[in-house]
Every structure is written in structure tokens, then in C-alpha cells.
Amino acid sequence: MTIPSPDAVKAADSPRIAIEAVSPSVDGGRFPVKTVVGRRVVVEADVFADGHEVLGASVLWRPLGGAWRREPLAELVNDRWRGGFTPETVGAHEFVVEAWWDDFGTFRRDLTKKREAGLDVRLETEEGLTLLEQIAASAPASVARALTDIVLRLRAEPDVGARVAELLAPETRAAVDAAEHRAFATRTWPYGVTVDRVQAEFASWYELFPRSESGDPTRHGTFRDVIRRLPMIRDMGFDVLYFPPIHPIGAANRKGRNNTLTPGPDDVGSPYAIGSADGGHDALHPELGTLEDFRALVAAAKEHGLELALDFAIQCSPDHPWLKDHPGWFKWRPDGSMKYAENPPKKYQDIVNVDFYGPDAVPGLWEALRDVVLFWASEGVTTFRVDNPHTKPLPFWEWMIAEVKAKHPGAIFLSEAFTRPKVMYRLAKVGYGQSYTYFTWRNHKSEIADYLTELTTTAPKNFFRPHFFVNTPDINPYFLQTSGRAGFLIRAALATTLSGLWGMYNGFELCESAALPGKEEYLDSEKYEIRIRNWAQPGNIIPEITRLNRIRKENPALQTHLGVRFYNAFDDHVLYYGKPRFAEDGSGRIEDMALVFVNLDPHAVKDALYEVPLWEFGLGDHETIAVEDLMRGNRFTLTGKTQWIHLDPNDLPFHVWRLTRVSGEA
């Protein structure tokens, strides 16, 4: 007696084909991977099933909500398949992997084997015609007619050889493919892809305080003053101009020079103490100028090929209008006071924090913060550096960034989170397109190589874009405090050639390094006072920075952190690495390579034995390669794998070369 089993029916409806280990993916598809417009997304998956039937597989992709497009996957080895697609627009995309039993492919394979074995395949040709009829039955009308014509013609063909030839013909295969017959077809769930504009991965940032741009230490700088500085910033090769907060600064608990608690009447305070009677996060500090002045700056920057980046700092001066208008957005103490912000041992007496889960905070505070960003986006600013995002809720960021990018798909958010690696990575997963990194504190050969290897070869490569700032108003690195001019050149060379994203806070080009004793903080910090500088100061490294930025723009391999390869230089102070540029035909052939040597010791000359990566070009150990020195502008050739390099910190403590195959006479 047979007992009916609904479970058997359900099991039979389950996918017969396994699709596993899909890449790229982040946490199994929980978060989107990141790419930039115009770059091919290479998709791989393990695809297999029971038996020995031929399988087919494709990647289907689309802009979110658009029509699906299909690209084939090709089988590699051990059931691994590969293909890809190239997104053409900025915004959210998704892809799925689909696999199916290729019935006609299996028939063709078996028919070919039997024919080659000299077997009688008349019956097999009849089976093939029956299969074509079955495929035609569910095909679009025009395709069905073409398949039916083939069947009718072959049924009238007495010669078995002629039948076989047409069944195996490419035209017949094409007609079957057009029918889209996919037995046991199964798809994965959608995998998200965030497609950003190229500037999310390749940009050079310059940070300044607008209030210091008057040229007069007795006069507060304005947006109009910044306009006069734009040509110099552009000519150095920067394309993003970043400001710390430009909003009204509170008077309560205002900080004096060098972070003192006793400001004088003329002290300007910290711009991070946001909010006064003049307004909050959607207002401008009156001494900087009006909204019309700001708009003029945005327009002028655009004319110079620069875009503005604003600081989004979610913190308030005690004078911020929100404390009075929305007390439920803050956490109050029993005596009616509010605890000021701190990050022990640092104290921020001029700042109080919002409470994201306060009695009136959801949705009011969340929406107000989103609307601040949308307001500045409406004024032409779509790049935001976010202050300390790791101290705010992750669900807020995932929601807020998605809300902004829905209206402004090109918006870019830079995470300023110097915290634990998993937290930094999670911020990138929930939407941040760029991230500050530990680069600032990686000074030795092994730790730099290990860190870049982690970022480029493990899971973060699919979602984490490292932004290499060489200094910030908050960080005067110990290395730079004692390195002299050579140290600034070393850090500039590393940042500009290791990552597609790098940035510097002004003063770096003048090799400013005076520090508060024993601290990674600047003496006479610009966070608390106006600083006027002489940009023609002797010993500046403006020409070197300009050249490095130009080299980046002329060499696509340097426009991303991905692809870096570390090579042998037989000195623990010499970091040696290359970034290849591959042919666009997908052959894997290297067209040229940026090759970089950096002496990490700013106080000593280094001569090191190294190996020229001839093997990367398919060359033997004794062959010749052409070299262009991109910093000095000269050309030469190298013959043989083993060579010496000279690096003098009193001259230039690094080399940036471009390697190409020798063509014609050397």
C-alpha cells in the first residue's frame, strides 16, 4: 500500500541544482558589495547537480527596480563558474545567479561522443528531433517556427550524417538558446551592489578651516576668502576641498587656545561646538558669510574642478536651538543638567550629545538629522565626512544613508571612526563609501604590508574603501613630529600610491609638526584659533605633492588600493610594491606597472638589493624592461632580475616608476 506523502511532493519541488559560494558578496548577501560605475563586476559561483548532465548558468543583473539583463557564466574547474556584468549608472543594483539543466547541451555532447565512437546514432537523431519539438512547444512564436522548420527538414532527411551535422550546427544551438529552455532552473536570492561614482574610490582631499583664510590674523576668514585659495589647491592636484563644521559656534563653555577652559573675549572656539542663537546644523557661522556667499563658493569650486565636502558632526553646543525646542532628544540628569561629551582622557566641555533613543527621538531626531544632510545636498554638497560615527547607532546610519542616496545616488559618506576593526567594517557595510584607517599609525614595513594585504585580499576588499589621511587637525602623528621634511615626503608617497583615496590637513605641505609635549596633538591647534600661514615658506613640499597627485591621475593602477603586490627588497626599511594595469580584453596581460620604493627611515640613506618583477610581464630572469621615473622624468632600462636601489632622505626618500615592455630600440 502506498501512503500519500505531501512532503515528497514538496521535496521534489526543491532546487535540484546547487548554487553555492557566490561572490562577490558581503555576509552572504546581507549587505551590498561596492563598486564604481563602468567597472566590471566579476561574479563567480559553485554550480553542480546530480548525474552527468550538462549545466548552464548565467548572472542576471539590473539597477534596482529595472529590467533584468543576462550575461553568461563559463565553467572554470571543479564546478566553479565565472562571468560578470558592467553597471552603467550610479545607484543600487542587484544580481542573481541562475543555473539549469541544459537538455540540448547534454544531447549534443552525447551525440558527439557516440558518433566519434562509430556507433549507429539514427535513434539518437530521432530523440534529438523529439527534444526540439518539446522545446518549440514552449518557445516564443518566431523561435518555435524556426525549430519546427528544422524538425520537418530533418525528418525528411534520410542521411543520418546530414542529420547529425545539422543537429550539431551552431545555428541549431543558437535557435535552442533563443527558446530559453531551462529545465530545473533555479536562482539564488538577490545580492546587492552599490554602484558609486568614481570619486568614491579615487579622490585627493585637502582640508582647511575657512576662518583661517583671510591672510590677516586679526580678521576672521570668510567663504569669499576661500575662493581666492581655490586655484592653489587645484594646482596642487586636489579635487575635494573639505571643511570642518561651518555652523554657528556656541558660547557656553567655549574653549580657548590650546583647548583651555578660560577663553578670552576674542577666542573663536571649536567649530565642533555646533549651535548658537544663530542656528544649528542647517545654519552657517555668521562670520564665515551668508548662504549666498556659500553658494558662490560651491560654484567657484566647481569651476576649478573641486567639490566641497562638509563635516557632519552629530553633537551640540549647550546653546544649540534643539536643546530648547526638542528636550526629548537629549538625556538629562536628575538635577536638570546635562553631562558634557568625553572620550577619556579627552573632555569636551563645550559639547553635549543627543540621545538617539530618547522619548521623542524616534522618528523626530532621526528625521531631523537626515534632513540636515538633505539640506546641504540641495545646496550642491553631496560628500560628507562624518565625525565619530562609531558612537552613533548602526541602524540609524543604515537607514539615514539609504534615505539620502535614494534622492542623491551620488552621495558619498566618509567614516571618521578610529576604533575596533569590526566596528569600522560594519560602518562600511551599512553604507559608508569611504573610511579612515589605521594607516596613520602604520610606519614599519611589515605592518604596512600586512595591513594592505588584509584590505585587498580578504573580505573587506568587497565593501571597505580605505582613505589614507596623512594627518588631521586631531592627529599630529608621532612619526612626523621627529622625522623632518623627509618624513612628510615618505608619508605622502605611501598615501598617494597605496590608496586611491588620500587626504591631508593643510600645514602638512609646510611640514608643520610642533606638538603638545607627549601627545599626538598640534601645539597652537587650529581647532581653537585662527592660523595664518606662509604658503611659500622655505622647505615646503608643495612641488612633490603636486607631482604625486599628477602621477595618480595619469596612472589608473594608482587610482585604487586594490591590486597592490609587495615584492622583495632586502632591507627592513625599504617598502617595495607594484600596482599592475591589465589589458582591457580580460586576458590577464599586464600592460604596465607602477613600481614604488619607499625608504621608511627618514634619517638614513638606504641602498637595497631588490628583484625586478620581470615574471609579471612573462619575461625571463635575464631579460630587459623599460622604466620611466615618474618623479624625476627620466627613462632607462633594467636588464636582469636582481638590481640595487638608492634612497636618500635628504634628496627624495622614494621612487615611483612605470614599467613597460621594451619596444624598438632601448
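Residues numbered from 1 in each chain as written. Predicted model: local features only at pLDDT ≥ 70, side-chain atom pairs only at ≥ 80, totals over all residues. Heavy atoms only, no water.

**Q** Just give me the short version of the pattern of salt bridges, but keep the residues and values in it.
**A** On inspection of all chains with the given rule, the structure shows 51 salt bridges. Arg30 is the salt-bridge partner of Glu398, the closest N and O atoms lying 3.1 Å from each other. In this pair, Glu398 is assigned in helix H11 (residues 394-407) and Arg30 in the loop between strand E1 (17-23) and strand E2 (33-36), connecting sequence segments 368 residues apart. We classify Glu398 as partly exposed; its relative accessible area is 28%. (Salt bridge = Lys/Arg side-chain N within 4 Å of Asp/Glu carboxyl O. Helix = DSSP H or I, 4+ residues; strand = E, 2+ residues; numbered from the N terminus. Buried < 20%, exposed > 50% of the residue type's maximum accessible area, 1.4 Å probe, protein only.)

**Q** Go over the layout of surface pockets with me, naming the residues and quoting the values.
**A** Space inside the largest pocket adds up to approximately 1,800 Å³. Only E2, strand E3 (41-49), strand E7 (80-85), helix H13 (445-457) and strand E22 (574-582) provide two or more residues apiece to the lining of the largest pocket. Top contributing element to the lining of the largest pocket by residue count: E2, with four residues. When the residues that make up the lining of the largest pocket are grouped by side-chain class, the tally is 18 nonpolar, 15 polar and 11 charged. Glu342, Asn343, Lys346, Tyr348 and Asn388 are the residues nearest the centre of the second largest pocket, which is lined by 46 residues in total. Those elements that provide at least two residues to the lining of the second largest pocket are strand E14 (340-343) and strand E15 (346-352). In terms of residues, the lining of the second largest pocket owes the most to one element, E15, which gives six residues. Residues belonging to the lining of the second largest pocket are distributed by class as follows: 19 nonpolar, 11 polar and 16 charged. (1 Å grid on protein atoms, 1.4 Å probe; cavity = no way out; pocket = protein on both sides within 12 Å on 5 of 7 lines; lining within 4 Å. Points joined across faces, edges and corners; volume = space filled by probe spheres on them. Nonpolar A, V, L, I, M, F, W, Y, C, P; charged D, E, K, R; others polar.)

**Q** Can you explain the packing of aromatic side chains? Please cite residues and give values.
**A** Under the definition given, this model contains 44 aromatic pairs. Relative to Tyr451, the ring of Tyr438 lies with its centre 5.8 Å away and its plane at 35°, an arrangement referred to as tilted. Here Tyr438 is found in the loop between strand E18 (434-436) and H13, whereas its partner Tyr451 is found in helix H13, with 13 residues between them in sequence. Across the pair, Tyr451 and Tyr438 agree in class, each one buried. A network of ring pairs unites the aromatic residues Phe312, Phe356, Tyr357, Trp366, Phe384, Phe396, Trp397, Trp399, Phe413 and Tyr432 as a single cluster. (Phe/Tyr/Trp six-rings, centres within 6.5 Å; stacked < 30°, edge-to-face > 60°.)

Keep in mind these numbers describe shape, not what the thing actually does.
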